Amino acid sequence: TNLADAVRVAEKLRMVLETTHLQVPNGVERFVSTSIGVAIQPVDGQTSEALLSIADQRLYRAKRSGTGTIISTN
């Protein structure tokens, strides 16, 4: 898909996870958060390995930027 649609899907996923409440033992409620790195073909690479590498780099940038962050460009 194109970058705009990929980011839109990532944002939907982030929002669903953000509103997910997990019940753990002892009645404790936990919330889910996510950081997402997006890469698209052919802009970011041609092979699955190249795309995963770029997405992984962006994921770690997103993690460093704070919870709930989506990084889709350099």
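What comes next is a walk through the structure. (Residues numbered from 1 in each chain as written. Predicted model: local features only at pLDDT ≥ 70, side-chain atom pairs only at ≥ 80, totals over all residues. Heavy atoms only, no water.)

### So, unusual backbone geometry
Between Gln41 and Pro42 the backbone carries a cis peptide bond, its omega angle lying at 0 degrees. Mapped onto the secondary structure, Pro42 falls in the loop between β3 (36-37) and α2 (48-65). Phi is positive for Asn26, close to 70 degrees, though the residue is something other than glycine. (Helix = DSSP H or I, 4+ residues; strand = E, 2+ residues; numbered from the N terminus.)

### Quick look at the pattern of salt bridges
Inspection of every chain in the model, using the stated rule, returns four salt bridges. Here Arg8 and Asp5 are joined by a salt bridge, their closest N and O atoms 2.4 Å apart. A residue pair is termed a helical-turn pair when its members lie 3 or 4 positions apart in one helix, as Arg8 and Asp5 do in helix α1 (residues 3-18) at three residues. Looking at Asp5, the relative accessible area reads 28%, which means it is partly exposed. Note that Arg14 is salt-bridged to Glu11, the shortest N-O span being 2.5 Å. Linking Arg14 with Glu11, this pair stays in helix α1, spanning three residues, or about one helical turn. (Salt bridge = Lys/Arg side-chain N within 4 Å of Asp/Glu carboxyl O. Buried < 20%, exposed > 50% of the residue type's maximum accessible area, 1.4 Å probe, protein only.)

### Here's the deal with the pairing of strand β2 (residues 28-31)
The pairing of strand β1 (residues 21-24) with β2 spans four bridges and is classified as antiparallel. Looking at the pairing, Leu22 lines up with Arg30 of β2. Between the end of β1 and the start of β2, which pair antiparallel, lie three residues, with Asn26 showing a positive phi angle near 70 degrees. (Pairing = 2+ DSSP bridges.)

This is a description of form; function is not addressed.
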